[in-house]
Number of protein chains: 4
Amino acid sequence: MTTSRLEAFSDGVFAIAATLLILNVDGAKGSLTAIWPQYAGYAVSFLTIGIIWVNHHTVMAQFDRVDRRFLFLNIVLLMCVAFVPFPTRLIAEHVRGDGLAGPALVYGATMTAMSVTYFALWTYGVRHLLRPDADERTIRGITRSYLPGSAVYLTSTLLAFVSPLASVAGYALIALFYVVESSVFGGRSPASTTSA
Amino acid sequence: MTTSRLEAFSDGVFAIAATLLILNVDGAKGSLTAIWPQYAGYAVSFLTIGIIWVNHHTVMAQFDRVDRRFLFLNIVLLMCVAFVPFPTRLIAEHVRGDGLAGPALVYGATMTAMSVTYFALWTYGVRHLLRPDADERTIRGITRSYLPGSAVYLTSTLLAFVSPLASVAGYALIALFYVVESSVFGGRSPASTTSA
Amino acid sequence: MTTSRLEAFSDGVFAIAATLLILNVDGAKGSLTAIWPQYAGYAVSFLTIGIIWVNHHTVMAQFDRVDRRFLFLNIVLLMCVAFVPFPTRLIAEHVRGDGLAGPALVYGATMTAMSVTYFALWTYGVRHLLRPDADERTIRGITRSYLPGSAVYLTSTLLAFVSPLASVAGYALIALFYVVESSVFGGRSPASTTSA
Amino acid sequence: MTTSRLEAFSDGVFAIAATLLILNVDGAKGSLTAIWPQYAGYAVSFLTIGIIWVNHHTVMAQFDRVDRRFLFLNIVLLMCVAFVPFPTRLIAEHVRGDGLAGPALVYGATMTAMSVTYFALWTYGVRHLLRPDADERTIRGITRSYLPGSAVYLTSTLLAFVSPLASVAGYALIALFYVVESSVFGGRSPASTTSA
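Only a predicted model underlies this, so the values are computations on that prediction, with no experimental measurement involved.

Here is what the cut-offs are and how they apply
Along each chain, residues carry numbers from 1 onward, in the same order as the chain's sequence is written. Working convention: letters from A go to chains and numbers from 1 go to ligands, in the order in which they are written. The predicted nature of this model means local features are confined to residues of pLDDT at least 70 and side-chain atom pairs, given and counted, to a pLDDT of 80 or more, with totals for whole chains, interfaces and linings taken over all residues. Secondary structure counts use DSSP, requiring at least four H or I residues in a row for a helix and at least two E residues in a row for a strand, with both numbered from the N terminus. Radius of gyration: over C-alpha atoms. The globule rule applied is 2.2 Å multiplied by the number of residues raised to the 0.38 power. Remark: C-beta atoms are placed from the backbone, and a residue is labelled buried if 20 or more other C-beta atoms sit within 10 Å of its own, exposed if 12 or fewer do, or partly exposed between those counts. Here contacts are defined at the residue level, using C-beta atoms placed from the backbone and a cut-off of 7 Å between them. Every axis in this analysis is a line fitted to C-alpha atoms, fitted for helices over the stretch in contact. Angles between the N-to-C directions lie between 0 and 180 degrees. Our angle categories are set so that under 35 degrees counts as roughly parallel, over 145 as roughly antiparallel, 65 to 115 as roughly perpendicular, and the remainder as oblique. Two helices cross in a left-handed way if the nearer one is turned anticlockwise from the farther one by less than a right angle. They cross in a right-handed way if the turn is clockwise. Put simply, Ala, Val, Leu, Ile, Met, Phe, Trp, Tyr, Cys and Pro go in the nonpolar bin, Asp, Glu, Lys and Arg in the charged bin, and everything else, Gly too, in the polar bin. To estimate how far a helix should reach, multiply one less than its number of residues by 1.5 Å. The atoms used to superpose the copies are C-alpha atoms, taken from residues with pLDDT of at least 70 in both, and the fit is least squares. Take the buried Ala, Val, Leu, Ile, Met, Phe, Trp, Tyr and Cys residues, join any whose C-beta atoms are within 7 Å, and the set you get is a nonpolar core. Here pLDDT means the predictor's own confidence in every residue, given as a number from 0 to 100.

**Examining the overall build of chain A**
A count of helical and extended segments in chain A gives 7 helices and 0 strands. Tracing chain A from N to C terminus, the helices and strands come up as α-α-α-α-α-α-α. In terms of overall dimensions, chain A is globule-like: its C-alpha atoms have a radius of gyration of 17 Å, near the 16 Å expected for 196 residues. Seen through its principal axes, chain A has C-alpha atoms that stretch 55 × 30 × 30 Å. When burial is assessed residue by residue, chain A has 52% of its 196 residues classed as buried. Look at the contacts in chain A between residues 6 or more apart in sequence, and 80% of them connect residues 24 or more apart.

**Concerning the packing of helix 1 (residues 3-20) of chain C against helix 3 (residues 68-83) of chain C**
Residue and element names in this part refer to chain C. The contact between helix 1 and helix 3 brings their axes to 9 Å, and the two run at 15°. With respect to helix 3, the element helix 1 is oriented roughly parallel. In this structure, the crossing between helix 1 and helix 3 has a hand that is right-handed. On helix 3, the residues that touch Leu-6, Ser-10, Val-13, Phe-14 and Ala-17 of helix 1 are Asn-74, Leu-78, Val-81 and Ala-82. Within the contact of helix 1 with helix 3, the residues separate by chemical class into 7 nonpolar, 2 polar and no charged.

**Notes on helix 3 (residues 68-83) of chain D**
Given a rise of 1.5 Å per residue, 16 residues ought to cover 22 Å, and the 23 Å separating the end C-alpha atoms of helix 3 of chain D matches this to within 8%. The element helix 3 of chain D is largely enclosed, with a buried count of 16 among its 16 residues.

**Some thoughts on the relation of the copies chain D and chain C**
Rotating chain D by 90° about the axis while translating it 0.0 Å along that axis superimposes it on chain C, leaving an RMSD of 0.0 Å. Each copy turns onto its partner about a four-fold axis. The two copies present different faces, since only 12% of the interface residues in chain D are matched by interface residues at the equivalent positions in chain C.

**Looking at the nonpolar core**
Ranked by size, the top nonpolar core spans 232 residues in total, and within it Val81(A), Val81(B), Val81(C) and Val81(D) carry the most contacts. Residues within four places of Val81(D) in sequence aside, it is in contact with Val13(D), Phe14(D), Ala17(D), Ile49(D), Ile52(D) and Met114(D).

**Section: the confidence of the model for chain A**
Residue and element names in this part refer to chain A. The predicted model of chain A has a mean per-residue pLDDT of 90, with 94% of residues at 70 or higher. For the stretch residues 191-196, pLDDT sits under 50, and the model shows 21 contacts to residues farther than four places along the chain or on other chains. Predicted as a complex, the structure gets a pTM of 0.92 and an ipTM equal to 0.91.

**A look at the arrangement of the chains**
Looking at chain A next to chain C, you find no contact at all, with the nearest C-alpha pair sitting 9 Å apart. Considering only C-alpha positions, the minimal separation of the non-contacting chain B and chain D is 9 Å.

**Re the interface of chain D and chain C**
Listed per partner, the contact involves 24 residues of chain D and 28 residues of chain C. For the side of chain D that touches chain C, a count of residues per class yields 18 nonpolar, 2 polar and 4 charged.

**Concerning the interface of chain D and chain A**
If you look at the interface, chain D gives 28 residues, while chain A gives 24 residues. Listing elements by their share of the side of chain D that touches chain A, those giving two or more residues are helix 1 (3-20), helix 2 (36-60) and helix 7 (164-185) of chain D. Partitioning the side of chain D that touches chain A into residue classes produces 15 nonpolar, 11 polar and 2 charged.

**Observations regarding the environment of Phe177(D)**
Tracing the backbone shows Phe177(D) in helix 7. Expressed as a C-alpha distance, the spacing of Phe177(D) and Phe86(D), which sit 91 residues apart in the sequence, is 23 Å.

**Thoughts on the relation of the copies chain D and chain A**
When chain D is fitted to chain A, the residual RMSD is 0.0 Å, and the transformation amounts to a turn of 90° plus an axial shift of 0.0 Å. The overlap is low: 11% of the interface residues of chain D also sit at the interface in chain A, so different surfaces are used on the two sides.

**Considerations on the packing of helix 2 (residues 36-60) of chain B against helix 3 of chain C**
Close contact between helix 2 of chain B and helix 3 of chain C brings their axes to 10 Å; oriented N to C, the two are set at 140°. For the element pair helix 2 of chain B / helix 3 of chain C, the angle class is oblique. Handedness of the helix 2 of chain B/helix 3 of chain C crossing: right-handed. Residues Ala43(B), Phe46(B), Leu47(B), Gly50(B) and Val54(B) of helix 2 of chain B pack against Leu71(C), Ile75(C) and Met79(C) of helix 3 of chain C. Class assignment of the residues belonging to the contact of helix 2 of chain B with helix 3 of chain C gives a composition of 7 nonpolar, 1 polar and no charged.

**Comments concerning the environment of Leu20(C)**
In this fold, Leu20(C) is placed in helix 1. Take Leu20(C): there are 21 C-beta atoms within 10 Å of it, and that puts it in the buried class. The spatial distance from the C-alpha of Leu20(C) to the C-alpha of Met111(C) is 18 Å, given a sequence separation of 91 residues. Those residues in contact with Leu20(C) that lie beyond four places of it in its chain are Thr19(B) and Pro85(C).

**Remarks on the environment of Pro103(C)**
Secondary-structure assignment places Pro103(C) in helix 5 (residues 101-128). The residues contacting Pro103(C), other than those within four sequence positions of it, are Pro87(C), Leu90(C), Ile91(C) and His94(C).

Below, the structure written as structure tokens:
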């Protein structure tokens, strides 16, 4: 299998998972202004999946082939991505009432698992599947940028035991940070970090 | 990332958002003739997403690369497109009763946000990502054709404060206008305006 | 826009519409054997969309470009295809009780509209977009095979006024006929009729 | 039709069927820990569809064209794959109470039908559509690896008459076995077995 077929399948899952988020927005759950947490959840999770999609391409551009272990790591990654609509709906339903701790934990566990799988995928790929002409500095740059991801999400997840609301705010801030960081600071750089 | 990968992902979101509209058509909400607003909503929103899809390709054909800012503008655009099924269902449910003002406002706000993002995407692309051989007249033509979009949708949205029904009729007319304009008048011209 | 981009978008809608059919199969509506009409509806509509998909490629293989009128005819075709899950669910719900006439009419109207649009798309394409090297005999063969489609679906639709059950049986038979005709008789011929 | 168009359409159905599984995970059905069967069902079925997707590419890589019979066998295969979310939900709902026999049978019947269709597709393709340069040893290897599939699923299905719980455990073990076998033992081999 070529990396481009893997990307096409992954893009399909990214696109569907993001688009399915709209099924969580339900006018029957309150007035059109009262359901603002549903809008916020839609926006944060859509942006988060968008960011993962952008990064997935940056990563894949460093490899020129895939093996079966990589394929299955990628399927586990997609399994985490496709899971996102569920905790998103949970959080939107509970953000103003009781019982936010559980939803915040499930969302955080999903994102942490996703983050860890991503790092495993990247590390495995760098060791076994790197393009001969991959740029060492680019590789180190990506590794550096992925390292904090799991830690940040894990921290935000554990925060749910103390303050679920702070935990949820954390997830929104992480998404916002990545968008701003990517588009404002790294904005004019090429979409793929290959061409450093 | 090449423009063709961006288009493939965007096409996925367009196709899913349009196809999900059928979930809004629900026979349990009345007799098969009484639910005509659901059919109308399905048709108007499907055509609207179809038009956006056609235009997206016309726009992308002018660029030969994308950068990260462009990617995120495009994700915001897709976020608006994937949101369309929600206000479509709201309007279909309220078009014959009370409470149409809210749904009409949400639909219009979605379309206006989409229109503004589209224009931002186009303007940014023209400034930074234009193909060296892009035809100046084609560029000016596209710019001219996009300029009124946001204004027309904003007007139709604000109309909801006076007459929600007129506002909703406006959205249907805009979709109809684009289909007729594109297929009857510009019909025999090539699908991509590149080859002016 | 190239024909291959149009096909990719269309394939997306075909794949999603077919896969969404599973949402109509609902164990809460009766015992696992009592809901057999849901299984039958799933199978018939999945096969029908599969047949349309196969034919769509046969048709597109005759053209080497598309124009805006063709694009919009294609969007209308996809609008019919994506509508199929709705009347499929209606029929499954009413096939053993009263009120089958309405669902049978809606299903038939959808298929007839789809058939007519298909023929319009084909006729328009043959007149304006034909590949220079398209084989005249192949063209005539496709035209001949499409001519009865609308008539057969229209007949089965009108039958609903007399016997809704006979009408529904007709839809199943049409799907079965196409599968058998295509795979048993035309089976070993190349998938695309281009290479006659 | 080329094999790559067939793969693109099939990938679409695989991606959508897997992503739709999340709609089965429903927080309203119990506390976030009580619904663990829903999480397990999601994971097992997502991995199972992922395995089928990986194998589908391995199979398609041996052929360089398709005919109409192959197309329809493939549509039947996809019909089984897209059906998976339904019995998955049934099992998750009944795994801790009464009435697991029916769901276990439906799940098993779906997987057995899928397995048999897969083998028919493969056998037909080997007889009629093989690439001239296909490696005989690879072909025999794939045939050997597919032979037990249907039998194993059929056995697990029939087990439902004796112990539905054992049957369900069987399905999970089969998925686990394929993932471990593929990624741990065959892990470093190329993703496509073509390049044996």
